[in-house]
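# Structural characterization, general
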Amino acid sequence: MENLQHQFNRYFVDNGATEWWLTGLKTTLLVTVIALCIGVVLGLLIALIRSTHEQTGKLKLLNIVARVYLTIIRGTPSMIQILFFYSVIFATINLNNIVIGGIAFGINSGAYVAEIFRSGIMSVDKGQTEAGRSLGLNSAQTMRLIIIPQAFKNVLPALINEMIVLLKETAIIGYIGTIDITKAATLVQSRTYDALVPLLSAAIFYLILVMILTYFMGKLERRLRKSDH
Amino acid sequence: MTTNEKVLIKVENLQKSFEDNKVLDGISTEIRQGEVVAVIGPSGSGKSTFLRSLNRLEIPTGGKIYFEGVDITAPETDIDHVRQKIGMVFQQFNLFPHKTVKENILLAPVTLKLMTPEEAEKKAMELLTRVGLPDKADAYPGSLSGGQKQRIAIARALAMNPDVMLFDEPTSALDPEMVGEVLEIMKELAESGMTMVVVTHEMGFAREVATRVVFINEGNIQEENTPQEFFANPQHPRLREFLSKVL
């Protein structure tokens, strides 16, 4: 029993281990939340630009910008993107590393979210748009009140998946000098000369976070399904 | 009987092509207040395209359409505003599945600030009673039968207090046993004086309810007449052939 207590202290208490783990959890959560917010807003915006262009031929210039953005983000490793944001774009700006990470991951995630939303918008029957427009709603009102709510419901599983991927992807943020869960694990590992327990602990922390996220998203999904009979 | 009424819709030499395919080839006609015009014709004749041009769901490639004197084919026309006065009912109902029946009806009048939520709510319940479905106010469309959906779709269009109602094959997607309930609502609507343009395959409806029947074939109006004359005395050989097949 005493030995177990000793072991626990070794990995989670001694030499500031508690603070590393707590800081790590906080960082992972914060970066994920900031990135999620940026990603969803940016993704929706890009999806609207893309589908408006596809349907009406308008917004030509914005559509080109959106496509360049999608190509670059999806065509390069997120690791390079993070380092680029940290060492080039924000190199001379005094900004918290967590914020930099959140922005970088948000811009990264936005590209994937955009394609998810776009497929959702395309999946809504065009009769829905016609019904909205024939009632005198303009295209923005039709999009906001009729198309997007249905599209959102259709893509929720894919969106949840993207959120999970994002949460786990933040594990590379240690590379810009931030202590997240993964970094905390490696710090504990270097102090204790043991890899198994810290890495296993980090894995469990991620797993728990993903399970919490999945739980709440599942609840949301069930609530949105109430109109299905 | 309606020839002295005011012209609601005036169509002049309406043309529509999809790339090389000419669907409408110079249609001209007038729809007067209180008329119930049944539009019939073989599939692919352009009758749906004609109807959908009347509220610019299809953008004509030539010709003019005036609604209450306003040229709706002109790009500067505020089509959203014009559409508030033109109700439309679709073959596939197109109810909003994420909204309850009542919300479907309320959505446009409240969003467009034509009614307060309280007024719209009252109007919605009146309309639901009119189409015989007041108990479905809080149901979602997914739980309704096809006939019920179409009756709700009619109520939704009526909530905007339109001056004319367009029906695009409103009973074609219904099980045969549900056609009657929808036609009954449409008949009552016609009797209340609503101006209606109805693309339909229901010859009984055209004969009994319409004040004028229009035969569209190969992108043009080949014959139009009162229902009595239209069915008793068809002139155009293509119409005779068509009627011999559908009657």
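Residues numbered from 1 in each chain as written. Chains lettered and ligands numbered in written order. Predicted model: local features only at pLDDT ≥ 70, side-chain atom pairs only at ≥ 80, totals over all residues. Heavy atoms only, no water.

### A short note on the overall build of chain A
The condition that has to hold: Counting from the N terminus, the helices are the DSSP runs of H or I reaching at least four residues and the strands are the DSSP runs of E reaching at least two. To measure how exposed things are, a 1.4 Å probe is used in the Shrake-Rupley method; for residues, cover is taken only from the protein chains shown.
Of the regular secondary structure elements, chain A holds nine helices and zero strands. Across chain A, helices and strands are ordered from the amino to the carboxyl terminus as α-α-α-α-α-α-α-α-α. Projected onto the principal axes, the alpha-carbon positions of chain A cover approximately 75 × 50 × 25 Å. When the accessible surface of chain A is split by element, carbon and sulfur atoms take 67% of a total near 12,100 Å².

### Observations regarding the overall build of chain B
How we decide: A 1.4 Å probe rolled over the protein chains alone gives each residue an accessible area, and that area as a share of the maximum for its type sets the label: buried under 20%, exposed over 50%, partly exposed in between. Contact definition: two residues touch when any of their heavy atoms are within 4.5 Å. None of His or the chain ends enter the tally, which takes Lys and Arg as positive and Asp and Glu as negative. Where a charge lies is defined by one atom per residue type: Lys uses NZ, Arg uses CZ, Asp uses CG and Glu uses CD.
Regarding its fold elements, chain B presents nine helices and ten strands. Projecting the C-alpha coordinates of chain B onto the three principal axes gives extents of approximately 50 × 45 × 40 Å. Here chain B, with 247 residues, has 57% of them falling under the buried criterion. The long-range share in chain B, meaning contacts at least 24 apart out of those at least 6 apart in sequence, stands at 66%. Surface exposure of chain B reaches about 10,600 Å², of which carbon and sulfur atoms provide 46%. Charged side chains in chain B number 27 positive and 36 negative. The centres of these two groups are separated by 1 Å.

### A few points about the side chain of Lys-102 of chain B
Inspection of the secondary structure assignment puts Lys-102 of chain B in helix H3 (residues 101-111). Residues contacting Lys-102 of chain B, with those up to four places away along its chain left out, are Glu-121, Ala-124, Met-125, Ala-137 and Asp-138 of chain B.

### Examining the pattern of salt bridges
All names here are of chain A. Convention followed: Salt bridge criterion: a side-chain nitrogen from Lys or Arg within 4 Å of a carboxyl oxygen from Asp or Glu.
All chains considered together, the criterion is met by 21 salt bridges over all chains. Between Lys-126 and Glu-130 there is a salt bridge, and its shortest N-O distance comes to 3.9 Å. Linking Lys-126 with Glu-130, this pair stays in helix H6 (residues 126-134), spanning four residues, or about one helical turn. Its relative accessible area of 12% is what places Glu-130 among the buried residues. Look at the salt bridges and you will find they share partners, linking Arg-50, Glu-54, Glu-115 and Arg-118 into a network.

### Side note on the packing of aromatic side chains
Let me state the cut-off plainly: Any two of the Phe, Tyr and Trp rings considered here, Trp counted by its six-membered ring, make a pair once their centres fall within 6.5 Å; the pair's planes then place it as stacked at under 30 degrees, edge-to-face at over 60, or tilted in between. Placement of a charge over a ring requires the Lys NZ or Arg CZ to be within 6 Å of the ring centre, with the centre-to-atom vector within 35 degrees of the ring normal.
Inspection of every chain in the model, using the stated rule, returns eight aromatic pairs over all chains. Among the aromatic side chains, those forming a connected cluster through ring pairs are Phe-8, Phe-12, Trp-21 and Phe-205 of chain A. One residue, Arg-156 of chain B, lies across the ring of Phe-96 of chain B, its end atom 4.4 Å from the ring centre. Over the ring of Phe-231 of chain B we find Arg-207 of chain B; its NZ or CZ atom is 4.9 Å from the centre of that ring.

### Topic: the interface of chain B and chain A
Rules: Note on terms: buried area is the combined drop in 1.4 Å-probe accessible area of two parts once they are placed together, counting the loss on both.
Counting from both sides, the interface comprises 25 residues of chain B and, opposite them, 20 residues of chain A. Taken together, the two surfaces of chain B and chain A that pack against each other cover about 2,000 Å², and 61% of this comes from carbon and sulfur. Contact with chain A buries area across many residues of chain B, yet Phe-96, His-98 and Tyr-140 of chain B alone supply 26% of it, more than any other trio. Across the chain B-chain A interface, the total number found is two salt bridges. Here Arg-133 of chain A ties to Asp-80 of chain B by a salt bridge, and the two come within 2.9 Å at their closest N and O atoms.

### Observations regarding the nonpolar core
To keep it simple, the criterion reads: Residues enter a nonpolar core if they are buried and are Ala, Val, Leu, Ile, Met, Phe, Trp, Tyr or Cys, with the set joined through side-chain atoms within 4.5 Å. Each domain's extent was defined by an automatic or database domain assignment.
Ranked by size, the top nonpolar core spans 81 residues in total, and within it Ile-9, Phe-50 and Leu-54 of chain B carry the most contacts. In terms of residues, this core owes the most to one element, helix H7 (residues 139-169) of chain A, which gives 13 residues. Of the residues that make up this core, three or more belong to each of domain 1 (1-85 + 163-246) and domain 2 (95-162) of chain B. Leave out the neighbours within four places in its chain, and Ile-9 of chain B touches Thr-29, Glu-30, Ile-31, Leu-54, Ile-65, Tyr-66, Phe-67 and Val-164 of chain B. Ala-139, Ala-153, Met-194 and Leu-243 of chain B belong to the second-largest nonpolar core, a separate cluster that totals 52 residues.

### Side note on H7 of chain A
Residue and element names in this part refer to chain A. Test applied: One less than the residue count of a helix, multiplied by 1.5 Å, gives the span that helix is expected to have. Two axes are fitted around each residue, one to the seven residues ending there and one to the seven starting there, and the angle between them is reported as the bend at that residue. Definition of a polar contact: a pair of N or O atoms within 3.5 Å, with one able to donate and the other able to accept a hydrogen when the atoms are protein atoms, and with sequence-neighbouring residues admitted only if both atoms are side-chain atoms.
Between its first and last C-alpha, H7 extends only 37 Å over 31 residues, short of the 45 Å set by a 1.5 Å rise per residue. Considering bend angle alone, the principal kink of H7 is centred on Leu-156 and spans about 60°; proline Pro-157 follows within four residues of it. The distance from a side-chain oxygen at the start of H7 to the backbone nitrogen of Ala-140 is 3.1 Å, and the residue carrying that oxygen is Asn-138.

### Remarks on the sheet that holds strand S1 (residues 7-18) of chain B
Filter applied, for reference: Strands qualify as paired when DSSP identifies two bridges or more between them.
The strand order across the open sheet formed by four strands is S2-S1-S4-S5 (chain B), and the pairing between neighbours is antiparallel. Since the sheet does not close on itself, it has two edges, and those belong to strand S2 (21-32) and strand S5 (70-71) of chain B, each with one partner.

### Structural notes on the environment of Thr-142 of chain A
Residues and elements named next belong to chain A. For Thr-142, the position within the fold is in helix H7. Leaving out residues up to four positions away in the same chain, Thr-142 has contacts with Gln-128, Thr-129, Gly-132, Arg-133, Leu-137 and Ile-147. There is a polar contact of 2.8 Å between the side chain of Thr-142 and the backbone oxygen of Asn-138.

### Here's the deal with the confidence of the model for chain B
Caution is warranted with low-pLDDT regions, since their predicted coordinates should not be read in detail. Operational definition: What pLDDT expresses is the predictor's confidence in each residue, scored from 0 to 100.
Averaged over every residue, the pLDDT of chain B is 95; the share at 70 or more is 99%. With pTM at 0.88, the complex prediction returns an ipTM value of 0.93.

### A closer look at the side chain of Lys-123 of chain B
All names here are of chain B. Relative to the helices and strands, Lys-123 resides in helix H4 (residues 117-130). Glu-126 provides the closest opposite charge to the buried, unpaired Lys-123, separated from it by 5.1 Å. Not counting residues within four places of it along the chain, the set of residues in contact with Lys-123 comprises Met-115, Leu-158, Ala-159 and Asn-161.

### Re the domain arrangement of chain B
Residues and elements named next belong to chain B. Taken as a whole, chain B is organised into domain 1 (1-85 + 163-246) and domain 2 (95-162). Measuring from the centre of the C-alpha atoms in domain 1 to the corresponding centre in domain 2 gives 25 Å. Counting residues at the interface gives 17 residues for domain 1, matched by 16 residues for domain 2. Interface area lost by domain 1 to domain 2 is led by Gln-84, Met-165 and Ile-185, which between them contribute 39%.

### Re the environment of Gln-222 of chain B
All names here are of chain B. As for its placement among the helices and strands, Gln-222 is situated in strand S10 (residues 220-225). Sequence separation between Gln-222 and Ser-17 is 205 residues; the distance between their C-alpha atoms is 19 Å. Look past the residues within four positions of Gln-222 in its chain and what remains in contact with it is Phe-215, Asn-217, His-236 and Arg-238.

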